[in-house]
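Inside the fold
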Amino acid sequence: MEQLTQDYLRTKKLPHIWCPGCGNGIVTAALVRAIERTGYDQSEVVIVSGIGCSSRAAGYLNFNTLHTTHGRALAFATGLKMARPELKLFVIMGDGDCSAIGGNHFIHAARRNIDLNAVIINNHIYGMTGGQHSPLTPTGMKATTAPGGTLERAFDLLELARGAGATFGARGNAAQPRQLEQLILRAANHKGFSVLEALSPCPIAYGRRNKLGGAVEMLREMKDSAVSMEKASGMEPEELEGKTLSGVIFSTEAPEFSEEYYRSIGKA
Amino acid sequence: MEQLTQDYLRTKKLPHIWCPGCGNGIVTAALVRAIERTGYDQSEVVIVSGIGCSSRAAGYLNFNTLHTTHGRALAFATGLKMARPELKLFVIMGDGDCSAIGGNHFIHAARRNIDLNAVIINNHIYGMTGGQHSPLTPTGMKATTAPGGTLERAFDLLELARGAGATFGARGNAAQPRQLEQLILRAANHKGFSVLEALSPCPIAYGRRNKLGGAVEMLREMKDSAVSMEKASGMEPEELEGKTLSGVIFSTEAPEFSEEYYRSIGKA
Amino acid sequence: MAETKPVLMQGNEACAEGAISAGVRFYAGYPITPSTEIAEHMAARLPDLGGVFIQMEDEIASMAAVIGASIGGMRTLTATSGPGFSLKQENLGYAIMAEIPCVVVNVQRMGPSTGVPTAPAQGDVMQARWGTHGDHPIIVFSPASVYETFYLTIAAVNLSQKLRQPVIMLLDEVIGHMREKVMIPEAGKLLVEKSSDNIPADWKPYDEKGLTPLVPFGFGHYYHVTGLFHDQYGFPTGDPTQVERALDRIHGKLEKYRDEIVLTNYIGHKEPRVVIITYGCTVRSARAVVKKAYWQNRLPVGLLSLQTIWPFPGKEVAAIAKQADVIIVPEMNMGQIVGEVERYACGNAEVVPLNRYDGEMMSPDQISELLGRWL
Amino acid sequence: MAETKPVLMQGNEACAEGAISAGVRFYAGYPITPSTEIAEHMAARLPDLGGVFIQMEDEIASMAAVIGASIGGMRTLTATSGPGFSLKQENLGYAIMAEIPCVVVNVQRMGPSTGVPTAPAQGDVMQARWGTHGDHPIIVFSPASVYETFYLTIAAVNLSQKLRQPVIMLLDEVIGHMREKVMIPEAGKLLVEKSSDNIPADWKPYDEKGLTPLVPFGFGHYYHVTGLFHDQYGFPTGDPTQVERALDRIHGKLEKYRDEIVLTNYIGHKEPRVVIITYGCTVRSARAVVKKAYWQNRLPVGLLSLQTIWPFPGKEVAAIAKQADVIIVPEMNMGQIVGEVERYACGNAEVVPLNRYDGEMMSPDQISELLGRWL
Amino acid sequence: MSRVVNTEITADLLINQDWCKGCGICIAFCPREALFLDEKGKAEKNNEKCTCCGICETFCPDFALTVVKRRLSADGGDKAGFNARQ
Amino acid sequence: MSRVVNTEITADLLINQDWCKGCGICIAFCPREALFLDEKGKAEKNNEKCTCCGICETFCPDFALTVVKRRLSADGGDKAGFNARQ
Amino acid sequence: MSNRQEILLTGAGGQGLILASIVLAEAAVNDNKNVVQTQSYGPEARGGASMAGVIIDVDTIEYPKVTKPSVLLCMNQASFNKYIPKVEPGCTIIVDSTFVSGPYREDYKINALPITQAAREQLGREVVANMLALGAINAATGLVDREIFRESIFKLAPKGSGELNQKAFDLGYRLYNEGMGQNLGISSQTPQ
Amino acid sequence: MSNRQEILLTGAGGQGLILASIVLAEAAVNDNKNVVQTQSYGPEARGGASMAGVIIDVDTIEYPKVTKPSVLLCMNQASFNKYIPKVEPGCTIIVDSTFVSGPYREDYKINALPITQAAREQLGREVVANMLALGAINAATGLVDREIFRESIFKLAPKGSGELNQKAFDLGYRLYNEGMGQNLGISSQTPQ
Ligand SMILES: Cc1ncc(C[n+]2csc(CCOP(=O)(O)OP(=O)(O)O)c2C)c(N)n1
Ligand SMILES: Cc1ncc(C[n+]2csc(CCOP(=O)(O)OP(=O)(O)O)c2C)c(N)n1
Ligand code: SF4
Ligand code: SF4
Ligand code: SF4
Ligand code: SF4
Ligand code: SF4
Ligand code: SF4
Ligand SMILES: [Mg+2]
Ligand SMILES: [Mg+2]
């Protein structure tokens with residue numbers, strides 16, 4: 001990581017503000033490795049993020065970085081991509097950022113199939129504001145705004161994306177960082193809107209309140225419950241209970257929006 | 001319709017503001033018939049709507065009627081339903097209202113499975129503002145903001161709802177008003193969030209620009225392209241090309257949010 | 001009001017508890033620093049009271065849900081901070097137009113934009129007045145202590161119900177987050193002022209005659225609620241006469257009940273030469289200064305603290321401007337209320353702004369240093 | 001500027017065409033009456049110019065997309081009306097904080113809330129100044145004709161680029177929807193003022209030294225853009241000294257270039273007794289009155305029309321207040337700019353508001369009737 | 001007026017011309033070709049042809065058409081407004 | 001420092017203790033139990049055990065661990081920072 | 001302001017009045033006059049009443065709204081009822097007798113012409129009634145040079161329909177000139 | 001303002017200082033004093049420095065922020081370095097020598113006590129170091145009646161931990177009293 005760290009991280013800004021054991025750093029490192037593997041030039045890569053612990057990643061990444069408003073990262077990114085289709089945009093969001101306040105921009109980016117690489121760091125909680133439930137908090141789990149456990153149903157983020165017309169959806173986790181890197185790379189190579197859900201531990205605002213142990217225990221549990229798509233296809237429904245599918249969940253093709261646009265005006 | 005009209009329509013406000021041949025009136029009439037068949041008392045029924053031609057229906061319906069802001073009808077309705085779970089809420093929205101500016105509230109109402117009956121009058125266009133494309137305008141169709149035909153992909157509204165966790169989705173159209181009435185009734189009887197997409201002609205802002213003929217031609221085309229779920233199951237993919245599925249597209253069960261809430265606080 | 005055992009309470013908590021005391025049983029919100037404790041307190045308390053706590057998908061939905069619940073007959077509250085307050089503006093305007101009671105709390109933080117989320121500032125004073133489009137009346141309270149937060153929230157809920165008008169609690173981060181000893185009424189002694197239950201037979205939702213209570217949905221009055229200009233029955237109209245009358249009526253409510261709404265407090269010399277006018281947490285610093293200057297040193301100074309900032313206490317300020325030579329207006333912003341003070345001082349007193357906008361609280365030293373120039 | 005053949009043009013169209021002339025090649029918006037024609041015109045024109053037109057899912061996204069495209073180096077514009085303007089406020093604040101140029105058009109309609117969507121009003125004047133949370137500078141133009149709309153939009157784009165500051169075009173429905181004869185430059189003669197292409201080697205995105213051009217993303221300057229308070233390099237800071245300095249700097253820009261920004265126009269008597277101060281379409285009615293009263297009847301009256309309403313032309317108003325006995329401020333609202341006029345008149349002239357808020361345009365008769373009282 | 005008389009029920013198609021906007025939908029969808037636009041552009045019916053089937057009622061976007069069924073009551077009078085649909 | 005020497009490549013695990021927050025993740029996931037927390041609560045390694053497999057590097061949330069591979073160059077010197085991952 | 005001409009075109013949505021006002025304004029521009037065109041929208045963009053105003057002057061036009069029409073066109077009964085009481089007797093009034101049945105007050109100079117009927121019967125297209133009305137107006141007032149007006153119509157008409165629209169304009173002239181004798185507040189046509 | 005006592009508790013996030021400040025404030029309330037408690041948040045809620053202030057007075061408390069601490073607690077080196085230069089010599093200073101290694105300036109009265117170490121070694125739980133610190137502070141200052149303080153601790157402690165926390169508080173007293181002799185600006189403990 002040394003050279004990568006030097007090149008792609010703003011080392012002067014480190015150590016970062018994340019809590020000890022926070023998965024954001026693991027996902028960010030995987031992202032950096034994947035970006036390097038895409039072969040894009042550093043100056044072509046843009047990191048856009050919203051607001052949240054996870055979105056703070058933008059500040060540590062040594063590219064063109066745009067830390068926007070809560071929930072709106074994809075809308076900012078859509079404008080930028082349409083203005084400069086040659087740039088490669090990664091959009092980092094938290095689960096709340098992406099699926100609560102940002103839900104509308106998420107489904108519309110999926111519908112347009114605009115070539116943005118959404119990386120959602122799903123820690124199942126609003127980390128930055130101290131632990132309120134998010135639309136991805138599993139039913140029954142505790143949060144400061146659900147002291148008895150949330151009654152709400154959670155989105156399946158990738159099913160939501162699929163329903164909205166997304167053409168690529170994958171799920172990885174911080175406990176399998178090499179696989180995660182690989183999935184980010186595949187998402188980045190997909191033409192059109194890609195959704196990469198990265199499960200990540202928040203030991204402070206989620207793990208502690210739900211008695212899930214520390215970061216290590218949370219990672220272990222994450223690893224244990226992950227089942228790859230290939231493996232899952234051979235498993236019984238009962239066996240899959242409590243498991244989480246990982247890998248590329250779906251991948252199809254459709255016209256990419258910025259390309260279609262520039263073609264329509266005779267510029268591509 | 002005489003007695004129904006007297007009871008359930010605000011006859012003093014008629015004739016309504018809609019253009020000649022506009023499907024909004026057909027859908028509104030079907031809604032009234034369906035509401036009568038639910039057996040709910042008039043005073044228990046609430047009509048909530050957003051902003052748009054279609055949303056103006058609220059003003060003509062003689063119930064408790066709430067004409068809100070553009071895109072936010074479901075959010076207002078969520079508050080009202082949680083405060084008064086015994087009321088029966090129908091939420092009328094246009095395609096733009098529901099799926100453009102209101103997309104986030106739509107997916108979250110679906111996720112929560114709150115007992116609201118969403119009736120989306122889909123005329124494939126922003127009628128009230130004079131014909132801009134909506135997220136439900138089919139690719140290639142013309143609009144004032146897509147003079148050469150829109151390049152954007154459209155949502156499949158019911159797939160979006162399903163992806164978001166909705167438990168009931170049905171599609172009817174103004175050219176089959178009895179079936180539409182029946183579907184609204186079934187949606188209303190479903191416990192949890194129900195989505196009823198009613199295809200409806202806008203001869204003025206959509207039909208004219210796209211040379212689809214007048215209201216009559218648009219209705220005929222609508223009827224011709226509708227294929228019921230039952231029929232579709234026996235058809236080849238090629239035969240289904242250009243057809244629109246109608247009927248109950250999906251229906252499952254899940255805990256209803258307001259009931260869960262009141263149960264959790266010991267009040268249901 | 002029977003006050004009992006003193007307790008240690010946080011400002012945000014006092015806001016939530018005040019609301020509960022005033023009968024609020026519905027909270028919809030979206031978390032944001034430094035207001036989140038209000039939501040968290042409500043999440044903990046409301047279920048036990050049979051009330052509803054719901055975390056919505058964003059601030060827009062929260063504002064909408066609160067209005068919806070109010071139409072259902074519940075007393076409602078939502079809380080947020082700068083960025084969320086900006087997002088609530090459209091629906092706040094709806095509540096004003098449709099005359100739906102509700103209380104909106106903005107615990108201010110350092111802006112603009114994301115700014116410094118944890119730092120105090122009084123930067124949203126003008127936004128609270130003018131944030132939504134179109135001419136609209138608004139009531140805004142600005143407490144200077146945990147105690148005031150509790151009681152002003154109660155007043156906000158009751159006024160909101162009575163006038164069918166949203167009321168804004170504009171808290172400072174300092175007030176929201178600090179803990180103080182307060183005396184609050186015994187549990188059970190609710191401070192709910194009921195709006196009449198006897199609805200007249202000829203009830204109209206927007207009766208031109210004056211204040212008319214909201215009849216919640218579900219009681220057989222099939223009226224229409226809309227954000228369009230509307231007639232007495234709630235139905236849309238674009239008729240110029242009715243439009244003008246509607247605006248006059250919603251603004252008129254606040255004028256008519258002005259004395260119930262506008263709360264200020266003067267301490268200090270009877271014939272002051274220099275008066276400090278301020279609000280929110282800045283009152284605390286100013287009071288420290290005036291206590292010393294007047295009570296200890298008998299200097300001709302005074303302090304007008306504004307619990308109500310909108311409608312602006314123009315009459316009170318105008319009166320002071322006629323007495324004093326100098327009016328100092330300390331604010332934790334670049335100068336907002338000072339504009340109104342200048343307007344009402346109308347050249348009768350020199351108006352001197354004192355601004356701090358670095359994300360820190362205004363200190364007594366800053367104020368007394370400036371004060372020293374005239375004494 | 002070479003002016004050529006006169007053409008008939010709608011105000012909204014002039015806004016779009018002005019923007020195009022000034023190099024705008026990116027439009028993102030969401031339709032809303034009475035601004036929709038701007039979007040529709042852009043949808044028709046931009047593709048042929050190699051530009052981007054995109055209809056976003058809502059106004060929040062539109063504002064965000066415009067900022068994103070500006071960071072990509074395009075000149076951008078978005079247009080909306082009251083309800084959408086309320087929704088844009090949060091991201092507008094972001095553009096101010098992050099110093100991203102863009103032009104935001106609000107074609108005002110009768111509010112609050114949904115109001116009367118097709119009726120004219122000047123109800124968003126104060127919102128344009130204070131709509132987003134936190135202390136922030138803003139530039140707002142208010143044209144009185146189709147011609148002014150064209151040229152002020154060009155000025156807006158260029159100023160926005162130069163100062164890296166969002167500029168708001170606050171149109172009246174009357175101006176947006178009316179068609180007038182205008183003279184505009186030949187096609188091809190673009191009025192684009194280029195911000196420097198030579199980026200100094202030691203370029204910093206938020207250089208404290210003063211105006212520094214935006215280097216679009218993709219040119220190897222790996223800087224950070226955020227809505228948090230930030231240092232010269234764009235990185236977050238909560239340090240009080242830096243926070244204060246940042247606010248001083250973004251406000252300072254507007255002070256420094258005040259004379260380029262603040263545009264007003266006086267016509268009438270040299271030593272007027274009564275002066276009308278107004279803006280937007282109301283200028284038209286006032287001008288009809290003043291022309292008659294002064295040019296025909298030689299009465300001591302004058303008209304100060306404000307093309308720039310924010311930053312408020314306080315200096316100009318103060319000067320007039322020292323000359324005139326009476327200042328009449330006609331507005332199509334319940335009184336917004338009049339507050340500023342009172343502030344700067346500072347007791348030196350009697351300030352008389354004249355308000356119309358029934359959804360109709362202020363008429364010359366209304367103004368001359370009032371004027372008659374002093375003449 | 002058209003009357004389909006069976007032992008107990010008579011039916012009528014009422015047209016509210018004040019609400020009719022002359023869109024022609026009812027005419028197009030009437031299975032009996034029983035409707036036409038009159039000289040003012042409002043829907044009018046041909047009594048001979050109409051069977052009071054009620055189809056046009058469900059199609060009219062302006063609530064202008066109503067099939068009313070009247071049941072002959074015991075005392076021989078009409079009970080207007082009886083609504084036969086469920 | 002641990003050195004796995006083959007003909008051409010030596011490798012090193014570098015630990016940046018300034019960035020380490022002592023979360024213990026690397027320790028838990030090192031297949032060799034080669035890591036531990038020192039008395040200041042920072043990660044430290046046991047040279048004997050570490051094989052420079054790089055697993056801990058991918059797990060560290062604080063970018064504090066780096067496996068560096070050095071290829072012996074023709075003139076016998078080290079080329080530091082050569083990055084073997086693709 | 002002595003030269004100020006205020007033309008008010010009224011009727012129902014769909015009759016093409018706003019387009020007519022734009023064409024008139026465009027023609028005036030081409031005739032080197034100052035011009036302002038405005039329209040009023042109902043509470044919604046759809047159906048209902050339609051009203052457009054054009055002000056033509058050689059001076060600069062300040063107040064852009066029509067207050068004292070010098071020319072009034074009424075294309076339906078509702079607009080006739082609404083606007084006639086608002087104009088002064090000197091106003092040139094043209095009504096489409098196809099839809100307007102009076103009453104034609106004696107104190108007004110009203111030209112009742114079968115505008116839509118003529119468009120339908122003589123040109124086969126009702127939609128050009130608006131241009132026909134413009135012809136009648138210009139015949140009555142000479143607001144704009146006739147040839148310039150015709151050219152402007154050609155320029156603004158949808159592709160392929162330029163000549164038809166010009167024909168309608170000319171027919172308006174004819175209709176007006178034929179109807180000259182009947183400016184008595186009583187229409188010679190029996191409206192249907 | 002003569003009775004105003006300003007207590008500043010400083011250290012790292014996670015050391016329980018904010019909770020300690022609340023407990024102290026609660027105790028003061030129960031002891032019938034006026035009290036204001038505040039805390040400063042970093043740019044984010046997570047990690048980093050932590051600081052809480054308590055003001056106790058018999059008079060009404062106006063300005064709620066600590067400016068001239070009469071008591072300063074430093075629970076780590078960073079806070080020690082930051083705050084020591086800001087206090088006046090008269091201030092009662094208590095530092096956790098577990099984490100703070102000086103330098104202890106001669107002109108300050110510094111009580112360097114092995115707070116966390118004692119909590120860990122003598123009570124088996126580092127988390128109660130904050131209550132231990134409160135004990136030391138109260139021993140040094142007598143801000144609140146000791147018994148009332150103990151009761152308040154019991155009331156606010158998480159279920160089942162009341163006694164442990166009281167023990168920690170008492171241990172704080174002992175530690176302070178044992179360390180009495182070393183108020184010389186030099187710690188008797190060698191920090192590790
Ligand atoms: C408009 C607005 N609303 C609310 C907030 C407060 N806020 C900041 S981050 C956040 C949620 C963080 O959760 P998530 O997106 O899951 O990110 P995480 O911190 O968990 O990585 C919230 C509610 C805000 N900054 N802006
Ligand atoms: C915040 C906001 N943005 C935009 C508008 C303008 N507007 C009103 S209705 C509408 C869209 C109407 O389309 P749709 O929802 O499909 O309803 P329809 O009129 O087609 O029935 C728009 C954009 C508004 N009123 N408020
Ligand atoms: S609160 Fe959670 S998500 Fe945020 S930095 Fe800490 S561990 Fe990470
Ligand atoms: S514009 Fe379209 S949707 Fe609106 S009323 Fe007319 S036909 Fe109906
Ligand atoms: S469908 Fe209704 S509105 Fe249309 S013509 Fe028939 S009766 Fe008239
Ligand atoms: S009732 Fe039936 S037959 Fe009679 S007009 Fe209507 S559709 Fe035709
Ligand atoms: S994983 Fe990183 S931060 Fe955690 S203990 Fe190991 S080196 Fe330190
Ligand atoms: S490089 Fe491999 S063996 Fe060495 S410490 Fe890391 S995980 Fe363990
Ligand atoms: Mg999260
Ligand atoms: Mg629509």
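Computed from a predicted model, the values in this text were never measured in an experiment.

Basis of the calculations
- Residues numbered from 1 in each chain as written.
- Chains lettered and ligands numbered in written order.
- Predicted model: local features only at pLDDT ≥ 70, side-chain atom pairs only at ≥ 80, totals over all residues.
- Heavy atoms only, no water.
- Helix = DSSP H or I, 4+ residues; strand = E, 2+ residues; numbered from the N terminus.
- Rg over C-alpha atoms; globule rule 2.2 N^0.38 Å.
- Buried < 20%, exposed > 50% of the residue type's maximum accessible area, 1.4 Å probe, protein only.
- Contact = heavy atoms within 4.5 Å.
- Areas by Shrake-Rupley, 256 points an atom, 1.4 Å probe, with all protein chains shown as cover.
- Lys, Arg positive; Asp, Glu negative; His and termini not counted.
- Charge placed at Lys NZ, Arg CZ, Asp CG, Glu CD.
- Near = heavy atom within 4 Å.
- Nonpolar A, V, L, I, M, F, W, Y, C, P; charged D, E, K, R; others polar.
- Pairing = 2+ DSSP bridges.
- Axes fitted to C-alpha atoms, helices over the stretch in contact; angles between N-to-C directions.
- Donors = N, O, S within 2.8 Å, 3.2 Å for Na, K, Ca; no water.
- 1 Å grid on protein atoms, 1.4 Å probe; cavity = no way out; pocket = protein on both sides within 12 Å on 5 of 7 lines; lining within 4 Å.
- Points joined across faces, edges and corners; volume = space filled by probe spheres on them.
- Expected span 1.5 Å × (residues − 1).
- Polar contact = N/O pair within 3.5 Å; in protein donor to acceptor, adjacent residues only side chain to side chain.
- Phe/Tyr/Trp six-rings, centres within 6.5 Å; stacked < 30°, edge-to-face > 60°.
- Lys NZ or Arg CZ within 6 Å of the ring centre and 35° of its normal.
- Core = buried A, V, L, I, M, F, W, Y, C linked by side-chain atoms within 4.5 Å.
- Buried area = accessible area lost by both parts, 1.4 Å probe.
- Salt bridge = Lys/Arg side-chain N within 4 Å of Asp/Glu carboxyl O.
- Parallel < 35°, antiparallel > 145°, perpendicular 65-115°, else oblique.
- Left-handed = near helix turned anticlockwise from the far one by under 90°.
- Least-squares fit on C-alpha atoms with pLDDT ≥ 70 in both.

Observations concerning the overall build of chain C
Helices and strands together make up the secondary structure of chain C, namely 13 helices and 15 strands. Here chain C has a C-alpha radius of gyration of 21 Å; the compact-globule value for 375 residues is 21 Å, and the two agree. When its C-alpha atoms are laid out on the principal axes, chain C stretches across 65 × 50 × 40 Å. Buried residues in chain C amount to 74% of all 375 residues. Sequence separation of at least 24 residues holds for 78% of the intrachain contacts in chain C that already meet a minimum separation of 6. A total of about 10600 Å² of accessible surface is found on chain C, and carbon and sulfur atoms cover 49% of it. Separation between the mean location of the 32 positive side-chain charges and that of the 41 negative ones in chain C comes to 6 Å.

A few points about the overall build of chain E
Secondary structure summary: chain E contains 2 helices and 5 strands in total. For chain E, buried positions account for 42% of its 86 residues.

So, the site of ligand 6
As a structural note, the neighbourhood of ligand 6 is formed by 13 residues, with Cys30, Cys50, Cys53, Gly54 and Cys56 of chain E the closest of them. Across the shell around ligand 6, the residue classes tally to 10 nonpolar, 2 polar and 1 charged.

Looking at the sheet that holds strand E7 (residues 226-228) of chain B
Taken in spatial order, the 9 strands make up an open sheet running E7(B)-E8(B)-E5(B)-E6(B)-E4(B)-E3(B)-E1(B)-E2(B)-E9(C), and their pairing is mixed. The open sheet terminates on both sides in strands that have one partner only, identified here as E7 of chain B together with strand E9 (224-226) of chain C. The average angle at which neighbouring strand axes cross in this sheet is 20°, direction not considered. Contacts from helix H4 (residues 82-98) of chain C reach strand E2 (64-67) of chain B together with E9 of chain C, with the element oriented near 140° to E9 of chain C.

A word on the coordination of the magnesium ion (ligand 9)
All names here are of chain A. Each protein donor to the magnesium ion (ligand 9) is listed here as Asp95 (OD), Asn123 (OD1) and Ile125 (O); together their distances run 1.9 to 2.1 Å. In terms of primary sequence, the donors binding the magnesium ion (ligand 9) are separated according to D-x27-N-x1-I. A residue is classified by how much of its surface remains accessible, and Asn123, at 7% relative accessible area, is buried. On the accessibility criterion, Ile125 (1% relative accessible area) is buried.

A short note on empty space enclosed by the protein
Tallied over the full model, the rule gives 18 cavities of 30 Å³ or more. Taken as a whole, the largest cavity encloses approximately 500 Å³ of empty space. Ile51, Gly52, His70, Met128 and Thr129 of chain B are, among the 36 residues lining the largest cavity, the residues nearest its centre. At the level of elements, helix H5 (95-101) of chain B together with helix H4 (82-98) of chain D are the ones that each hand at least two residues to the lining of the largest cavity. For the lining of the largest cavity, the element with the highest residue contribution is H5 of chain B, accounting for 4 residues. Each residue belonging to the lining of the largest cavity can be placed in one class, and the counts come to 15 nonpolar, 14 polar and 7 charged.

Let's talk about the coordination of the magnesium ion (ligand 10)
All names here are of chain B. The coordination sphere of the magnesium ion (ligand 10), as far as protein atoms go, consists of Asp95 (OD), Asn123 (OD1) and Ile125 (O), spread over 2.0 to 2.1 Å. Read N to C, the donor residues that coordinate the magnesium ion (ligand 10) are spaced as D-x27-N-x1-I. Here Asn123 lies in the loop between strand E4 (117-122) and helix H7 (157-163) and Asp95 lies in helix H5, a separation of 28 residues in the sequence. You'll find Asp95 and Asn123 in the same group, each marked buried.

Here we look at helix H6 (residues 162-179) of chain H
In a regular helix each residue adds 1.5 Å, so 18 residues correspond to 26 Å; H6 of chain H covers 26 Å between its end C-alpha atoms and thus fits that length. Against the buried residues of H6 of chain H lie strand E6 (110-113), helix H3 (115-123), helix H4 (129-141) and helix H5 (146-156) of chain H.

Observations regarding the environment of Gln108 of chain C
All names here are of chain C. Within the element layout of this structure, Gln108 appears in strand E5 (residues 103-108). The spacing of Gln108 and Asp124 is 16 residues in sequence and 6.7 Å in space, taken between C-alpha atoms. The contacts of Gln108, once residues within four sequence positions are left out, are Pro34, Ser81, Ala119, Ala121, Gln122, Gly123, Asp124, Val125, Leu170, Leu171, Asp172 and Glu173. A distance of 3.3 Å separates the side chain of Gln108 from the backbone nitrogen of Gly123, its partner in a polar contact.

Section: the packing of aromatic side chains
Taken as a whole and assessed by the stated rule, the structure comprises 36 aromatic pairs over all chains. On the numbers, 6.1 Å between centres and 50° between planes, the contact of Tyr294 of chain C with Trp295 of chain C is tilted. Between Phe149 of chain G and Phe169 of chain G, the aromatic rings sit 4.6 Å apart at their centres with planes inclined by 40°, giving tilted as the arrangement. One end of the pair, Phe149 of chain G, is in helix H5 (residues 146-156); the other, Phe169 of chain G, is in helix H6 (residues 162-179), with 20 residues separating them in the sequence. Its relative accessible area of 1% is what places Phe149 of chain G among the buried residues. Here the aromatic residues Tyr147, Phe150 and Tyr151 of chain C are joined through ring pairs into a cluster of three or more. The positively charged end of Arg111 of chain B is found above the aromatic ring belonging to Phe155 of chain A, 5.3 Å away from the centroid.

As for the nonpolar core
Counting 390 residues, the largest nonpolar core has Phe106 of chain A, Phe106 of chain B, Phe26 of chain C together with Phe26 of chain D as the members making the most contacts within it. Core analysis: the second largest hydrophobic core is formed by 66 residues, Trp18, Leu180 and Ile184 of chain A together with Leu65 of chain F among them.

Focus: unusual backbone geometry
Cis geometry is adopted by the peptide bond preceding Pro311 of chain D, which originates at Trp310 of chain D and carries an omega value of -5°. Tracing the backbone through its elements, the reader meets Pro311 of chain D in the loop between strand E13 (308-310) and helix H11 (314-323). Backbone torsion omega between Gly102 of chain G and Pro103 of chain G reads 0°, so that peptide bond is classified as cis. If you trace the backbone, Pro103 of chain G turns up in the loop between strand E5 (92-96) and strand E6 (110-113).

Structural notes on the interface of chain D and chain C
Accessible area lost upon the coming together of the parts serves often as the stated size of an interface. In this assembly, 53 residues from chain D lie in contact with 53 residues from chain C. The largest contributions to the chain D side of the interface with chain C come from Pro112, Trp130 and His133 of chain D, which together make up 16% of the buried area. In this structure, Arg343 of chain C engages Glu342 of chain D in a salt bridge whose closest nitrogen and oxygen atoms are separated by 2.6 Å. At the boundary of chain D with chain C, the tally comes to 26 residue pairs in polar contact (both at pLDDT 80 or more). Residue contributions to the side of chain D that touches chain C peak at 9 residues, all from H4 of chain D. Class assignment of the residues belonging to the side of chain D that touches chain C gives a composition of 19 nonpolar, 25 polar and 9 charged.

Some words on the packing of helix H4 (residues 73-83) of chain B against helix H13 (residues 257-264) of chain B
All names here are of chain B. Relative orientation of the contacting elements H4 and H13 amounts to 40°, with a least axis distance of 10 Å. As far as their axial angle goes, H13 and H4 are oblique. Handedness of the H4/H13 crossing: right-handed. Across the interface between the two elements, Lys81, Met82 and Ala83 from H4 touch Phe257, Ser258, Tyr261 and Tyr262 from H13.

Some thoughts on the sheet that holds strand E14 (residues 326-331) of chain C
Residues and elements named next belong to chain C. Here we have 5 strands laid out as an open sheet, ordered E10-E12-E11-E14-E15, and mixed in their pairing. The open sheet has two edge strands, strand E10 (264-268) and strand E15 (350-355), and neither has a second partner. Averaged over all pairs of adjacent strands, the angle between their axes in this sheet comes to 20°, without regard to strand direction. Sheet topology note: the E14/E15 ladder contains 6 bridges and is parallel. Paired with Glu331 across the bridge in E15 is Asn355. Relative to strand E12 (residues 301-306), helix H11 (residues 314-323) is tilted by about 170°, and along the sheet it contacts E10, strand E11 (274-279), E12 and E14. Packing of helix H13 (residues 364-372) onto the sheet brings it into contact with E11, E12, E14 and E15, and relative to E15 it is tilted by some 150°.

A closer look at the relation of the copies chain D and chain C
For the pair chain D and chain C, the relating rotation is 180°, the translation along its axis is 0.0 Å, and the fit reaches an RMSD of 0.0 Å. Overall, the copies show the geometry of a two-fold rotation axis.

Some points on the pattern of salt bridges
All names here are of chain B. Enumeration according to the criterion identifies 72 salt bridges over all chains in this entry. Among the salt bridges present, the one from Arg178 reaches Glu181, with a minimum N-O distance of 3.0 Å. With Arg178 and Glu181 both in helix H8 (residues 177-189) and 3 residues apart, the pair spans about one turn of that helix. The exposure class assigned to Arg178 is partly exposed, which follows from its relative accessible area of 38%.

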